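Reading the structure
Spelled out from the first residue to the last, the chains are:
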Amino acid sequence: MAQTADLKTPGNPAKKEKASAWAPFGYKSFAVLWTATVISNTGTWMHDVGAGWLMTDLAPSPAMVAAVQAANTLPVFLFALFAGAIADIVDRRWMLISVNAFLAVTATALAILVGLNAMTPLLLLVFTFAMGTGAAFMAPAWQAIVPSLVDRKDLSSAVALNSMGINVSRAIGPAIAGFLIVAAGLVYPFLINAISIVTIIFALLWWTPPPKKTATLPPEHVPSAIWSGLRYAWYSAPLRSTIVRAAAFFIFASAYWAMLPLIAKNMPNGGAGLYGILLTSVGAGAVIGALLLPQIRGVLGTNGSVILGSIGTAVTLSVFALVQNPIAAAGASGLAGLCWIAVLSSLNVSAQTSLPDWVRARGLSIFLTVFFGSMSIGSVIWGQVATQLSIDTALLVAAAGLLLFIPLTLAAKLGQGESMDLRASAHWSEPVLAEGVEDTGGPVMIQIRYLVAGGHHQDFLDAINALSKARRRAGAFSWSIMQDAEHASIFVETWFEASWTQHIRHHDRVTEEDMKLKDAVNVFLNTDEPPIVSHFVTGSANTPPPTLTNEAL
């Protein structure tokens, strides 16, 4: 479908202005997709309320009710890495359209079965797992397109608005679902969810993404793409720290979501109506949190916002365990929503700014795997604790865990990538195979000979070891730095890559931040002799000896 020109285009805003919480709405594509997402997520929250409440009728034990939450989040833990690799390889827009079509069909079938009174606990878990699987394949691609909708300066606001949109729908959806369950019947939340998904499909058909750079290399295979994403995460300190902090929060915060249907059911005058009110309070608190988040982050920073959100969530869990009062529960739910968006948005921005575009969906899929994996594991843990001991005990233990892990994870600093320039630098000239040298498809060895200025050997080693992490993030393995035994100022850097094609990909993936690390190495070199680079391909019978070439690194 033809698309009207954006009011602003990412990378080329119509006018320069101070970034604000509302700036992303100046981009037409963001505004349209955001609105469609709110409508669809409203249906999703109605589905979640319906599924949770339906299970309290079909099998009201804490373990079974918590299993609904686990079945909803477990697929992301299982499939997000696979989905992220695919999203970095295929057209993300068509991937999102296909996944939403699957979700629409699944939601329709679920509504029909509920309407026919043919639903069982096992079938409900199967359908919940199927819906969660669709969400698992959609989440990395959806989050990866956000930087293409807004300028980098507005990315933090866009992530916060996306989180706010989820919580706007959380404020609307549960209230509507609770009303419909009481007034009309359980089938209606599921039916409306099926209809709402169509909104997203139409919005994606309308949207025309910005043109991508024409690929000169064949697409990666999924297994190697997954491995590339895992390797990048391992050697990226900003992303690794974000993942640690996410796990420390979500595994304990999951107790709130897992136990909420039973909290509402067991409270005086509790029921589906109160459940909807509590979820509505969460959504309202999250909307307020999204509006206050720029000010909160401005005062406390990313790390302080997550700490404050963790403390607030612990307070919420404690109130639910100790105070059996619907009004107090609604207030605590509002606090939970405010804290949830403060933590989730901060972690999401920290992850987004840690990733260059070539690995964005894969990196976000790793973050999502940890997020939903922690939620799934936590749901099972707290369901079992509540079954064996009590719901109140489970909530108090989770609150204590949140507080305990604040000092234990302080060393994992968030937001490290916000000051990094992760655009492709294109400063590495592409190597060319000499005449008579064949690419056999085997591993490639790269060697670089450095002449280091006297008195700077240790400084050089410190700088080259920092650069080695950038090499490894982009595909290097078996990296080493060796010193010439006879000439102390000569050092040789060596690493391997899986293939010649992988090495060319490495050239495309070098970022401006990597270039700064390279410049830090060059400071300690003897300017009379530039580095000498050699590329060695896996030999064949007709391959002549390799030749040395100078290459501007």
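Rules used in this analysis
Residues numbered from 1 in each chain as written. Predicted model: local features only at pLDDT ≥ 70, side-chain atom pairs only at ≥ 80, totals over all residues. Heavy atoms only, no water. Helix = DSSP H or I, 4+ residues; strand = E, 2+ residues; numbered from the N terminus. Rg over C-alpha atoms; globule rule 2.2 N^0.38 Å. Contact = heavy atoms within 4.5 Å. Areas by Shrake-Rupley, 256 points an atom, 1.4 Å probe, with all protein chains shown as cover. Lys, Arg positive; Asp, Glu negative; His and termini not counted. Charge placed at Lys NZ, Arg CZ, Asp CG, Glu CD. Phe/Tyr/Trp six-rings, centres within 6.5 Å; stacked < 30°, edge-to-face > 60°. Buried < 20%, exposed > 50% of the residue type's maximum accessible area, 1.4 Å probe, protein only. Pairing = 2+ DSSP bridges. Expected span 1.5 Å × (residues − 1). Core = buried A, V, L, I, M, F, W, Y, C linked by side-chain atoms within 4.5 Å. Salt bridge = Lys/Arg side-chain N within 4 Å of Asp/Glu carboxyl O.

**Looking at the overall build of the protein chain**
From N to C terminus, the protein chain includes 15 helices and five strands. Against the compact-globule benchmark of 24 Å for 553 residues, the protein chain has a radius of gyration of 26 Å, which places it among compact chains. Dimensions of the protein chain, computed from C-alpha atoms along their principal axes, come out at roughly 85 × 50 × 50 Å. Considering only residue pairs separated by 6 or more positions, the protein chain has 84% of its internal contacts joining residues 24 or more positions apart. A total of about 22900 Å² of accessible surface is found on the protein chain, and carbon and sulfur atoms cover 67% of it. The centroid of the 30 positive side-chain charges in the protein chain is displaced by 9 Å from the centroid of its 31 negative side-chain charges.

**Looking at the packing of aromatic side chains**
Applying the stated criterion to the full structure yields 19 aromatic pairs. Centroid distance Phe460 to Phe491: 5.1 Å. Interplanar angle 50°. Geometry classified as tilted. Of this pair, Phe460 sits in helix H13 (residues 457-473) while Phe491 sits in strand S3 (residues 490-497), and the two are 31 residues apart along the sequence. With respect to class, Phe460 is no different from Phe491; both count as buried. Clustering of aromatic rings is evident, with ring pairs tying together Phe249, Phe250, Tyr256, Trp257, Phe320, Trp340 and Phe371.

**Observations concerning the pairing of S3**
Most of S3 is tucked away, with six of its eight residues classed as buried. Where strand S1 (residues 444-451) meets S3, eight bridges bridge the pair, whose relative direction is antiparallel. If you follow Gln447 over to S3, its bridge partner there is Thr494. Here five bridges tie strand S2 (residues 477-483) to S3, and the two strands are oriented antiparallel to one another. Along S3, the bridge assignment pairs Ile481 with Glu493. Counted between consecutive antiparallel strands, the loop separating S2 from S3 contains six residues.

**Some thoughts on helix H11 (residues 360-388)**
Counted at 1.5 Å a residue, the expected span for H11 with its 29 residues is 42 Å, and the 42 Å between its end C-alpha atoms agrees. By the criterion of burial, H11 is predominantly enclosed, with 22 of the 29 residues buried.

**What to know about the side chain of Gln502**
Tracing the backbone through its elements, the reader meets Gln502 in helix H14 (residues 500-509). The residues touching Gln502, leaving out its near neighbours within four places in the chain, are Glu220, Arg231, Ala474, Gly475, Glu497 and Arg509.

**Details of the environment of Ala286**
For Ala286, the position within the fold is in helix H9 (residues 272-322). Exposure remark for Ala286: the relative accessible area of 0% places this residue in the buried category. The spatial distance from the C-alpha of Ala286 to the C-alpha of Ala328 is 17 Å, given a sequence separation of 42 residues.

**Here we look at the nonpolar core**
With 132 residues, the main nonpolar core has Phe250, Phe320, Trp340 and Leu395 as its most contacted residues. Sort the elements by how many residues they give to this core and helix H8 (residues 237-266) lands first, with 16 residues. Core analysis: the next-biggest nonpolar cluster, separate from the first, contains 21 residues, Val444, Ile464, Phe524 and Val533 among them.

**Quick look at the environment of Ser236**
Along the polypeptide, Ser236 turns up in the loop between helix H7 (222-235) and H8. A relative accessible area of 2% places Ser236 in the buried class. Aside from chain neighbours lying at most four places away, what touches Ser236 is Ser354 and Arg473.

**A look at the side chain of Thr242**
Here Thr242 shows up in helix H8. Not counting residues up to four positions away in its chain, the partners in contact with Thr242 are Leu347, Ser350, Ala351, Ser354, Phe367 and Leu414.

**Observations concerning the pattern of salt bridges**
Overall, the coordinates contain eight salt bridges when judged by the stated rule. A salt bridge links Asp519 to Lys518; the nearest nitrogen and oxygen atoms lie 2.9 Å apart. Linked by salt bridges that have partners in common, Asp88, Arg92 and Arg362 make up one network.

**Here we look at H14**
With respect to burial, H14 is a largely interior element, eight of its ten residues being buried. Buried within H14 we find Trp500, Gln502, His503, Ile504, Arg505, His506, His507 and Arg509.

**Structural notes on unusual backbone geometry**
The backbone of Asn117 shows a phi angle near 60°, a positive value even though the residue is not glycine. The phi dihedral of Ser478 is positive, around 55°, even though this residue is not glycine. Along the chain, Ser478 falls in strand S2. Judged by its relative accessible area of 47%, Ser478 falls in the partly exposed class.

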